[in-house]
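Okay, here's what each chain looks like letter by letter:
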Amino acid sequence: MNATKYHAENDTASIQPGSRWGQVYRTLEGQGIAVAGGRASSVGVGGFILGGGISYYTGKRGLVCDSVVRFEVVLANGDVVLADKENHSDLFVALKGGSSNFGIVTRFDLETFPSTAIWGGIVMYPKVVGPQMINVLSAFTANIGEDPASSSIVAWLYLPTVKDTLIMATYENNEGVINAPAFKEYLAVQPQISSTLRVTNWTSITEELGDPGGLDKSWFTLTFKNDVRVMRKAVELHEALVEEMKATTGEEGFSTICMLQPLPAVTSRLAEGNGGNVLGLERLEENAILFLASMGVVDPEFAPLGMKKAQDWVGAVEAYAKSLDADIEYLFLNYAHGSQSPLRSYGSENVAKMKKVATKYDPDRVFQTLLPGGFKISQVDEATVIRDEL
Ligand SMILES: Cc1cc2nc3c(=O)[nH]c(=O)nc-3n(C[C@H](O)[C@H](O)[C@H](O)COP(=O)(O)OP(=O)(O)OC[C@H]3O[C@@H](n4cnc5c(N)ncnc54)[C@H](O)[C@@H]3O)c2cc1C
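Please read these numbers as outputs of a predicted model, since none were measured by experiment.

(A) Seen up close, the side chain of N174. Inspection of the secondary structure puts N174 in the loop between β10 (164-173) and α6 (184-188). Among the polar contacts made by the side chain of N174, one reaches the main-chain carbonyl oxygen of Y56 at a distance of 3.1 Å. Among the polar contacts made by the side chain of N174, one reaches the side chain of K60 at a distance of 3.0 Å. The residues touching N174, leaving out its near neighbours within four places in the chain, are Y56, Y57, K60, T116, A117, I118, A149 and W202.

As structure tokens, then:
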């Protein structure tokens, strides 16, 4: 089930969940149409949207789940329902962030808009520019509201092929503006190792941001305030981790990612117009930083050790952010590790809402007990969430 169909009469596209974003862009771009979707072509549509979904349009249009106008869902009893603002509106809202807890989505109807040229690409830097990049990322994050069409990601990557850490930055302007003023400070950072910045289309941009694959990887996430001290700590601890891993697996035995990107506070306001979601992002008072930590090992024998080291690294960053009162409770489901609890991080009101919807649409708990993997709402203890919030 991987078809994409554009409906000119109501500016939507029906996308089937077995599709990857690359297929969606290739289909729509040929018709001059765009949707907000994944930033890497290889990523699947289903899990991405149900976990929230950050796109190159997030500053302007909010999260991708809030671009959904209708879900077609197969419920546990086999009924097929359409959930939108008017019909099954509780299910419609819960699916936006609540992942696989309520049914199997068999169609996403997403808002469309005319596609334009895109300016962007990947710039690689040596790690020596790290402190400067953190300052620039922080200023960029603070000022997203001034140019919501521009977005960026900055990541410290330990690459076994290079045997060193390099910095990868992605810059994109979704209106095709070349060197938009928002990127002035980024573009002044020198030296650059390489740059692919150009005017192009989504198919090309999203094919560039791939997952090298091949390694046994663990991902973890945190959200914190736009505070350069926490970002410096995350990078400093990453470098220490790299040295430890080199001594353990050898220089070619692992890879890591220490990724920082803005999470615009405007997303919850943008969500309201489409019925809202369960992410609890209205708690963001200012633009925040989303942190993704990843560890991959070549030899699966080292996987438990690599995971433990990554977990300790993330725990230390979290403790440091807490010590500065710079931590934010929200965990982005799409980047979260199985040991983390993103659903819990949405707050007690949303946990209660998701539990109610799960009980209503799946009274026999089929998706809580028979569907393997994913984050289960039944495993979130509501009483603990409320106690922690008090
Ligand atoms: C290279 C790369 C780039 C990425 N870039 C981004 C990015 O730009 N923005 C972002 O937000 N995330 C990004 N991600 C993270 C990505 O969103 C998650 O990995 C997400 O889980 C991918 O969805 P999937 O359908 O491919 O995954 P799956 O592992 O298939 O699904 C994830 C979860 O969703 C459930 N699920 C999937 N489809 C359905 C359905 N139809 N109905 C009900 N439940 C379903 C599954 O049961 C599972 O629990 C990226 C990941 C990678 C590897």
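(B) The nonpolar core, seen in detail. Judged by nonpolar contacts, the single largest core of 74 residues is most densely connected at W21, I49, F71 and L91. Counting the residues that make up this core, at least three belong to each of domain 1 (4-114) and domain 2 (118-335). If you look at the next biggest cluster of nonpolar residues, it comprises 46 residues, including V154, M245, A293 and V314.

(C) Focus on the site of the ligand. In the neighbourhood of the ligand, 22 residues make up the surrounding shell, with R39, G44, G47, I54 and V105 lying closest. A total of 960 Å² of accessible area belongs to the ligand in isolation, and the protein chains cover 72% of it. Elements represented by at least two residues in the shell around the ligand include exactly α2 (45-50) and β6 (104-111). Looking at which element gives the most residues to the shell around the ligand, the answer is α2, with four residues. Residue composition of the shell around the ligand, grouped by class: 11 nonpolar, nine polar and two charged. Both domain 1 (4-114) and domain 2 (118-335) contribute no fewer than three residues apiece to the shell around the ligand.

(D) Quick look at helix α5 (residues 130-142). Here α5 contains 13 residues, and its C-alpha end-to-end distance of 18 Å stays within 8% of the 18 Å for a straight helix at 1.5 Å per residue. Every buried residue belonging to α5 is among G130, M133, I134, V136, L137, S138, F140 and T141, and all of these are buried.

What counts as what
- Residues numbered from 1 in each chain as written.
- Predicted model: local features only at pLDDT ≥ 70, side-chain atom pairs only at ≥ 80, totals over all residues.
- Heavy atoms only, no water.
- Helix = DSSP H or I, 4+ residues; strand = E, 2+ residues; numbered from the N terminus.
- Polar contact = N/O pair within 3.5 Å; in protein donor to acceptor, adjacent residues only side chain to side chain.
- Contact = heavy atoms within 4.5 Å.
- Core = buried A, V, L, I, M, F, W, Y, C linked by side-chain atoms within 4.5 Å.
- Buried < 20%, exposed > 50% of the residue type's maximum accessible area, 1.4 Å probe, protein only.
- Domains from an automatic or database assignment.
- Near = heavy atom within 4 Å.
- Areas by Shrake-Rupley, 256 points an atom, 1.4 Å probe, with all protein chains shown as cover.
- Nonpolar A, V, L, I, M, F, W, Y, C, P; charged D, E, K, R; others polar.
- Expected span 1.5 Å × (residues − 1).

Nothing here speaks to function; it is geometry throughout.
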